[in-house]
Amino acid sequence: MVLSKTASHSDVSVHSTFASRYVRASLPRFKMAEQSIPKEAAYQIINDELMLDGNPRLNLASFVTTWMEPECDKLIMASINKNYVDMDEYPVTTELQNRCVNMIAHLFNAPLEESEPAVGVGTVGSSEAIMLAGLAFKRKWQNKMKAEGKPIDKPNIVTGANVQVCWEKFARYFEVELKEVKLREDYFVMDPEKAVELVDENTICVAAILGSTLNGEFEDVKRLNDLLLEKNQETGWDTPIHVDAASGGFIAPFLYPDLEWDFRLPLVKSINVSGHKYGLVYAGIGWVIWRSKEDLPEELIFHINYLGADQPTFTLNFSKGSSQVIAQYYQLIRLGYEGYRNVMENCRDNMIVLKEGIEKTGRFNIVSKDDGVPLVAFTLKDHSHFNEFQISDFLKRYGWIVPAYSMPPDAQNVTVLRVVIREDFSRTFAERLAIDIQKVLHELDMLPAKSIESTTVTVTAEKTEDGHVVPKKSAIETQREITTAWRKFVSDRKKMNEKMNGVC
Ligand SMILES: *Cc1c(COP(=O)(O)O)cnc(C)c1O
């Protein structure tokens, strides 16, 4: 066989990829190269660089699904080239999304008549879902105020200071003031009494969280509903509630079916949930469900009738993939109520095992709840020798990604470590992580005090000029300084590595 001369140097099917010139030459990082490279080389180079990413299964920072059954992976790959928006070409995919909307609306106890279709839509995630729900509230409020001849330039939304960043985005992008109920050093979710105090005539809705991102705790939506009903009665307003059930929406119906947090409460007008969190689908799907047609202003809906039948759409994006919708439908029919309950029970049991392992060290206070989202959030009892950021850092050496972060105001002096328990976090993992945390504590105990230069904090009693002795700094002040210094250390290092550490 005669090889052509031009092929002999460049063809990776002649040389192995690693013996070819493509892995020896450096690729331009920020400009497109002049020449093409063979597909084998492109694959290998990218695959290898990606090996330096963390392992998603060990990423305990995230609620987002990292494992699905191989049968579902097959369906996802088979639909990877389907644009969801082409509803006339892919009517079955559209039908599957509508079935998902209806199943989830029933799961949330939407008050639907027998054959009445539910009102809702699949989104890219809870963030898009929340933008849509927020816009619906804003428009409804504007319509009402206009009808009453009142100004519409100062809408606000009431939330706890523990809201996920997407609410801050909604507020800024769509020009709504965010009125946040401050937390306390021993209370990390929205206090319903304080929330209702903040409500005024310009409040488009109060947003409660079912499963606070920070410690997994469910906010008391029922109490909020009852207090707000009273206030509405007194004032004549009709301020509604939105429930951000991004993480809790697929937990509460299975583990706590009697907990009233959803459309059973009359003021709850819309709910969002992340399909890609405990809905058990890979990243890229969320849902927003409205209580009824009346809660979604008609003028926000675009009607497409490609299908002959009317297909209402209300999304921020036009094109998107179909795979996640299909994968959500797979999970709903494959697992059913029984399957979801089993998964959630497993998560809760594994959470308890890990929590007990962490408690056994005697070194931490647990700030998550047994009856919230299955996660363990914990904080050091004693900060004199090291802090939570160092524990997080040391755990990386064992392969675990466990984030540390400070709470929002007024609990900003509390720093927590958080481990999210997902479906694929097995009992073996829980036991192993508890052992590794113990090892890390031991290693940190062995380090000379203040070994990290930038976290050094001097805590001494001082004499002032007139001879008074200034008392030692309180534990809280000391911790605040350690946290600030450590944050600076970490952020300098991050700048160096161009890396971001996300909590989502
Ligand atoms: C994760 C989360 C969000 C954002 O959801 P995405 O699906 O990631 O866009 C919003 N609110 C809460 C409470 C969350 O936990």
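Residues numbered from 1 in each chain as written. Predicted model: local features only at pLDDT ≥ 70, side-chain atom pairs only at ≥ 80, totals over all residues. Heavy atoms only, no water.

As recorded in an unreviewed UniProt entry, the protein chain goes by the name Glutamate decarboxylase, listed as coming from Senna tora. Check the Cofactor (unreviewed entry) section of the UniProt entry for the protein chain; it says "pyridoxal 5'-phosphate". Within the UniProt record for the protein chain, the comment given under Sequence similarities (unreviewed entry) is "Belongs to the group II decarboxylase family." (UniProt positions renumbered as here; feature names shortened; annotations may be inferred.)

## Some words on the sheet that holds strand 10 (residues 364-366)
The four strands are arranged 10-11-13-12 in an open sheet whose pairing can be described as antiparallel. Every other strand in the sheet has two partners, leaving strand 10 and strand 12 (404-406) as the edge strands with one partner each. The sheet shows a mean angle of 35° between the axes of neighbouring strands, taken without regard to direction. Relative to strand 11 (residues 375-380), strand 10 runs antiparallel, the two being bridged by three bridges. (Pairing = 2+ DSSP bridges. Helix = DSSP H or I, 4+ residues; strand = E, 2+ residues; numbered from the N terminus. Axes fitted to C-alpha atoms, helices over the stretch in contact; angles between N-to-C directions.)

## Things to note about the sheet that holds strand 3 (residues 177-181)
In spatial order, the strands read 1-7-6-5-4-2-3; together these seven strands make up an open sheet with mixed pairing. Looking at the sheet topology across the chains shown, the edges are occupied by strand 1 (119-123) and strand 3. Going across the sheet, the axis of each strand differs from the next one's by a mean of 20°, ignoring polarity. Taken together, the four bridges between strand 4 (residues 203-209) and strand 5 (residues 241-244) define a ladder with parallel strand orientation. If you follow Ile209 over to strand 5, its bridge partner there is Asp244. Against the sheet, helix 8 (residues 221-235) touches strand 4, strand 5 and strand 6 (268-274), its axis set at about 170° to strand 5. (Contact = heavy atoms within 4.5 Å.)

## Digging into the packing of aromatic side chains
Evaluation of the coordinates by the stated rule reveals 11 aromatic pairs. Aromatic pair Phe63 and Tyr278: ring centres 6.5 Å apart, planes at 70°, arrangement edge-to-face. Highlighted residues: Phe63 in the loop between helix 2 (39-50) and helix 3 (70-78) and Tyr278 in the loop between strand 6 and strand 7 (286-290), separated in sequence by 215 residues. We note that Phe63, like Tyr278, is buried. A ring pair is formed by Phe170 and Phe174, whose centres lie 5.5 Å apart and whose planes are at 35°; its orientation type is tilted. Ring pairs connect the aromatic residues Phe250, Phe254, Tyr337 and Tyr340, which therefore count as one cluster. (Phe/Tyr/Trp six-rings, centres within 6.5 Å; stacked < 30°, edge-to-face > 60°. Buried < 20%, exposed > 50% of the residue type's maximum accessible area, 1.4 Å probe, protein only.)

## Remarks on the pattern of salt bridges
The full count for this structure, using the stated rule, is 23 salt bridges. A salt bridge links Glu69 to Arg334; the shortest N-O distance between them is 2.8 Å. One end of the pair, Glu69, is in the loop between helix 2 and helix 3; the other, Arg334, is in helix 10 (residues 323-360), with 265 residues separating them in the sequence. For Glu69, a relative accessible area of 18% gives the class buried. Here Glu148 and Lys144 are joined by a salt bridge, their closest N and O atoms 3.8 Å apart. Overlapping salt bridges bring together Lys144, Glu148, Lys150, Glu201 and Asp238 as one network. (Salt bridge = Lys/Arg side-chain N within 4 Å of Asp/Glu carboxyl O.)

## Some points on the environment of Lys74
Within the secondary structure layout, Lys74 lies in helix 3. Taking relative accessible area as the criterion, Lys74 reaches 63% and is therefore assigned exposed.

## A closer look at the site of the ligand
Lining the immediate environment of the ligand, one finds 13 residues, of which Ser126, Ser127, Asp244, His276 and Lys277 sit closest. A distance of 2.8 Å separates an oxygen atom of the ligand from a polar side-chain atom of Ser274. Tallied by class, the residues present in the shell around the ligand amount to three nonpolar, eight polar and two charged. (Near = heavy atom within 4 Å. Polar contact = N/O pair within 3.5 Å; in protein donor to acceptor, adjacent residues only side chain to side chain. Nonpolar A, V, L, I, M, F, W, Y, C, P; charged D, E, K, R; others polar.)

## Re the UniProt feature "modified residue: N6-(pyridoxal phosphate)lysine" (unreviewed entry) in the protein chain
With numbering matched to this structure, UniProt assigns "modified residue: N6-(pyridoxal phosphate)lysine" (unreviewed entry) to Lys277. Residue Lys277 is classed as buried on the basis of its relative accessible area, which comes to 10%. Ignoring sequence-local partners within four residues, the contact set of Lys277 consists of Phe63, Val64, Thr65, Ala246 and Ser247.

## Concerning the pairing of strand 6
For strand 6, the buried fraction is high: six of the seven residues fall into the buried class. Bridge count between strand 5 and strand 6: four bridges; the pairing is parallel. Among the inter-strand pairings, Asp244 is bridged to a residue of strand 6, identified as Asn272. Sheet topology note: the strand 6/strand 7 ladder contains five bridges and is antiparallel.

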